[in-house]
Amino acid sequence: MTIKRLKYVTAFFLILFNDSELPGQVRDFQSWWELEFTKEISPKLDLAGELEQRFKNNSLQYSRSLMSLGASWDPSRYFRLAGGTRMVFLMDGEKRFHTRYRIHLDGTGRYELSGFDLSLRCRFQYGFDDIMAFRYFRMNALVNRNRLKVARHIFGTRFGWFASAESWHGSDNESRWLTFAMRYIAGVQFTPTFRSRFTLRYMLEDEFNVVRPSQLHVLALGYNYRF
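Given the structure is predicted, the values throughout are model-derived calculations rather than measurements.

Description of the overall build of the protein chain
So, point 1. Regarding its fold elements, the protein chain presents 1 helix and 11 strands.
So, point 2. From first element to last, N terminus to C terminus, the protein chain shows the α and β order α-β-β-β-β-β-β-β-β-β-β-β.
So, point 3. A burial count over the protein chain gives 36% of its 227 residues as buried.
So, point 4. Pairs at least 24 apart in sequence give 45% of the contacts found in the protein chain among residues at least 6 apart.

Topic: the side chain of Gln215
So, point 1. Turning to its location among the elements, Gln215 is positioned in strand β11 (residues 214-226).
So, point 2. We classify Gln215 as buried; its relative accessible area is 0%.
So, point 3. In this structure the side chain of Gln215 is engaged in a polar contact, spanning 2.7 Å, whose partner is the side chain of Arg27.
So, point 4. At 3.0 Å, the side chain of Gln215 forms a polar contact with the side chain of Asp206.

Digging into the pairing of strand β3 (residues 61-76)
So, point 1. Bridge count between strand β2 (residues 45-56) and β3: 12 bridges; the pairing is antiparallel. Directly across from Leu47, in β3, lies its bridge partner Ala71.
So, point 2. The antiparallel pairing of β2 with β3 creates a hairpin that spans 4 residues between the two strands, and Asn57 there sits at a positive phi of about 50 degrees.
So, point 3. With 11 bridges connecting them, β3 and strand β4 (residues 79-91) associate as antiparallel partners. Paired with Ser72 across the bridge in β4 is Ala82.
So, point 4. Between β3 and the antiparallel strand that follows it, β4, lie 2 residues.

Considerations on the nonpolar core
So, point 1. Membership of the largest hydrophobic core is limited to 8 residues, which are Trp32, Ala151, Phe162, Ile185, Met203, Leu216, Val218 and Ala220.
So, point 2. Among the elements that make up this core, the one with the highest residue count is β11 (3 residues).
So, point 3. In contact with Ala220, other than residues within four places in its own chain, are Trp32, Glu34, Thr199, Leu200, Arg201 and Met203.

Analysis parameters
Here, residues in each chain are numbered from 1, in the same order as that chain's written sequence. With the structure being a predicted model, the display of local features is reserved for residues of pLDDT at least 70 and the display and counting of side-chain atom pairs for 80 or more, all residues being used for whole-chain, interface and lining totals. Values shown for side chains rest on all heavy atoms present in the structure; no hydrogens or waters enter the calculation. Numbering of helices and strands runs from the N terminus; a helix is a DSSP stretch of H or I covering at least four residues, while a strand is a stretch of E covering at least two. A 1.4 Å probe rolled over the protein chains alone gives each residue an accessible area, and that area as a share of the maximum for its type sets the label: buried under 20%, exposed over 50%, partly exposed in between. In what follows, residue pairs with any heavy atoms lying within 4.5 Å of each other are defined as contacts. Counting of polar contacts relies on pairs of N or O atoms within 3.5 Å, with two restrictions inside protein: one atom must be capable of donating a hydrogen and the other of accepting it, and residues adjacent in sequence are counted only when both atoms are side-chain atoms. Two strands qualify as a pair provided that DSSP identifies no fewer than 2 bridges between them. As used in this record, nonpolar core signifies buried Ala, Val, Leu, Ile, Met, Phe, Trp, Tyr and Cys residues forming a set joined through side-chain atoms within 4.5 Å.

Here is the structure:
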């Protein structure tokens, strides 16, 4: 990457990481714990399963548990197509458990430039509260998420770093298509073996154009094992 291009990338992320608090915004620190397993079916096809636990209110209160299943297919070195489903168990203010369901479809473009791995992922996510409600399309939530990511392996080590910015888009009660959240991530990876990887990342998530917007500061620790 040339010096000029690096300056543009740096300026872009400085603008995106601008931490501005909105009036009435609720702030919280959360911690997320993730365990992921990946199975290679063929050189171009992978299956994956993930378990995730989240804590809220300064990481002192249970928030939700997530179970995900998905698959990814690489038709070329520059593009990946993936999809999956997720079941969410969450607790409300009265300490009652509820279940939510999500399905998603991803398209990710990838390119390597001067040792930097660049990617742009476009995700369409559809959420519904009950299995029987899946057919009532208009009653559920369709969300578009777009993520720009840059990553780099530190040559000669088992470490790497990454940073990303992701936007959330959806419709409001008046059927207007709005941007209602941004998530900024910076993290590091440690690969002790060819099959396992630890990931530590910090996330800043800002909501807007919604009632009672939140600003989340999240510390997430993940482990991935590849069969």
